Each structure stands twice: as C-alpha cells, then as structure tokens.
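Working through the structure, step by step
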Amino acid sequence: KAGVTQTPRYLIKTRGQQVTLSCSPISGHRSVSWYQQTPGQGLQFLFEYFSETQRNKGNFPGRFSGRQFSNSRSEMNVSTLELGDSALYLCASSLWVSRFYTEAFFGQGTRLTVV
Amino acid sequence: GENVEQHPSTLSVQEGDSAVIKCTYSDSASNYFPWYKQELGKRPQLIIDIRSNVGEKKDQRIAVTLNKTAKHFSLHITETQPEDSAVYFCAASIGDQGAQKLVFGQGTRLTINP
C-alpha cells in the first residue's frame, strides 16, 4: 500500500511569490492534516480536511490556505511569501473511524526555502 | 487551552540505560496521545499511542503511561540502543470528538552514547 506522497520535495521561492504544495494520502484515508515544522517551533498545526471540508484550522495568517479534492488529495497554498515561511511542510493522513482518532501517517514533506 | 508541553528538550543517556520523556496537556477532553519518532531527514513515525481509557501501554522496550487527573503522559524507553537516537514528539488530540486535531509538543532530541 503506497504511503503518503508529497510533491514537490524541495522548493525555492522569492519573497512575495505564492506556492502550492500537494499531498496524496494513503488510499482510503479521508482526513488530511498539514503541519509546519521549523527547528525552533516543532510541529505547528496548519489545518485539517475531511471529505473536502476544513474541520480545523491552526493559528496561521490568512495567507495560508488549503483545499481537499473528492479523491482526498489535498493542496495547501501560501501567498505573498515571507522569509519566515521557510520550513518543512508535512502532511499526514489518517483513517477517521467514527469519532475516534487513528494513527496519522506522515509524508516526507516539502522543504520550502524563501529567499 | 491548546498547549502540549514537552520536557526535556534534549536528553543524553548511556547505551543500555533508560530514557524518560514527559508531556503535559491542557485540554481535559483530550483522549488520544501518540508518540512519534523522527530520525534525521526522515518523516515522523508513530512508535506508540495510548487512549484515555488506558493508564499504561507497553510494546517491547517502549512504554507510555497516562495520568488523566494530572494531565500528563510519559514515554519510557528501556535498554536504550544507538538506533534510538532521534527526535521524539508527543501529541494530544484537542477539540470536539467530531473535529479533533493533534497538537504536538516541541520535541526531545534523544542521544544515546555508546
């Protein structure tokens, strides 16, 4: 069974530009979450999607947005990039069973560098 | 609140000794507590998890304990080996059951000295 796939693996962007990252979850998983990982801040929750609906959002500015498609693939978009957006962006998929949280499987991440 | 505090931030132990990492959470409704291990340059991977209806869970050299009253949970690694060196993250589910999210601690860098 294929794992969580994120593309691209690496990105270099200039301040002010926008970027779109993609995440393909494990087949059958309908929940996709996004995290920002930086050396000083650990794993910060961005948002979570389930069946194309955003169920939860973290404390990030509106420049960070996302969406989920009917096949559960998800994208996140960052507009007007700032130097501080440089980070590893991880997505995780999980099989939401009833109302119980199940294991979240992480992708390899997309390393975004803003110059 | 939605905080998960993790301590220590770095931990160095001799091979064969035990390592303990502690986390506290603020949401009394939290009911799922996973621990992830992240090796250098790799993705976080689940090593053990516990739900709020259980006080302790063990898997070979790894165990997790949960104290719901005090809102803290701990990871115990016994007979540590060099391959245990990594960053470990605790997490707690936060929010309503229908829309929970995982909030992670800041991570503990564990170094096993041969």
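Quick caveat, the model's predicted, so the values are computed rather than measured.

Considerations on the overall build of chain B
- Tallying secondary structure elements over chain B gives zero helices and 11 strands in all.
- Listing the helices and strands of chain B from first to last along the sequence gives β-β-β-β-β-β-β-β-β-β-β.
- Relative to the globule expectation of 13 Å for 114 residues, the C-alpha radius of gyration of chain B, 14 Å, shows essentially globular dimensions.
- Along the longest, intermediate and shortest principal axes, the C-alpha atoms of chain B span 45 × 30 × 20 Å.

Topic: the sheet that holds strand 7 (residues 64–68) of chain A
Residues and elements named next belong to chain A.
- Read from one edge of the open sheet, four strands run 1-3-8-7, paired in antiparallel fashion. This sheet does not close on itself; its edge strands, each paired only once, are strand 1 (5–7) and strand 7. Strand after strand, the sheet turns through a mean of 20 degrees between neighbouring axes, direction not considered.
- Pairing of strand 1 with strand 3 (residues 19–24) involves three bridges; the strand directions are antiparallel. Residue pairing for strand 3: Thr5 is matched across the bridge by Ser24.

Re the packing of aromatic side chains
- The tally for this structure, following the rule as stated, stands at 13 aromatic pairs over all chains.
- Centroid distance Phe60 of chain A to Phe64 of chain A: 5.2 Å. Interplanar angle 65 degrees. Geometry classified as edge-to-face.
- An angle of 45 degrees between the planes, with centres 4.8 Å apart, marks the rings of Tyr25 of chain B and Phe33 of chain B as tilted.
- According to the relative accessible area criterion, Phe33 of chain B is buried, its value standing at 0%.

Structural notes on the side chain of Gln36 of chain A
Residues and elements named next belong to chain A.
- Note on placement: Gln36 falls in strand 4 (residues 31–38).
- For Gln36, a relative accessible area of 9% gives the class buried.
- Among the polar contacts made by the side chain of Gln36, one reaches the side chain of Tyr89 at a distance of 3.0 Å.
- Ignoring any residue separated from it by four or fewer positions in sequence, one finds Gln36 in contact with Gly42, Leu43, Gln44, Leu46, Phe60, Phe64, Gly84, Asp85, Ala87, Leu88 and Tyr89.

Re the interface of chain B and chain A
- Tallying the contact residues gives 18 residues for chain B and 24 residues for chain A.
- Approximately 2,000 Å² of surface area, both sides summed, lies buried where chain B meets chain A, with 49% of it carried by carbon and sulfur atoms.
- Connecting chain B to chain A are zero salt bridges.
- Counting across the chain B and chain A interface gives three residue pairs in polar contact (both at pLDDT 80 or more).
- Each residue belonging to the side of chain B that touches chain A can be placed in one class, and the counts come to eight nonpolar, six polar and four charged.

Focus: the sheet that holds strand 1 (residues 4–7) of chain B
Residues and elements named next belong to chain B.
- The strand order 1-3-8-7-6 describes an open sheet built from five strands, whose pairing is antiparallel. Edge strands, defined here as strands with exactly one partner in the open sheet, are strand 1 and strand 6 (56–59). Neighbour to neighbour, the strand axes of the sheet diverge by 15 degrees on average, direction disregarded.
- When strand 1 meets strand 3 (residues 19–25), the two strands line up antiparallel, connected through four bridges. Paired with Gln6 across the two strands is Cys23, which belongs to strand 3.

Reading guide: rules and limits
Residues numbered from 1 in each chain as written. Chains lettered and ligands numbered in written order. Predicted model: local features only at pLDDT ≥ 70, side-chain atom pairs only at ≥ 80, totals over all residues. Heavy atoms only, no water. Helix = DSSP H or I, 4+ residues; strand = E, 2+ residues; numbered from the N terminus. Rg over C-alpha atoms; globule rule 2.2 N^0.38 Å. Pairing = 2+ DSSP bridges. Axes fitted to C-alpha atoms, helices over the stretch in contact; angles between N-to-C directions. Phe/Tyr/Trp six-rings, centres within 6.5 Å; stacked < 30°, edge-to-face > 60°. Buried < 20%, exposed > 50% of the residue type's maximum accessible area, 1.4 Å probe, protein only. Polar contact = N/O pair within 3.5 Å; in protein donor to acceptor, adjacent residues only side chain to side chain. Contact = heavy atoms within 4.5 Å. Buried area = accessible area lost by both parts, 1.4 Å probe. Salt bridge = Lys/Arg side-chain N within 4 Å of Asp/Glu carboxyl O. Nonpolar A, V, L, I, M, F, W, Y, C, P; charged D, E, K, R; others polar.

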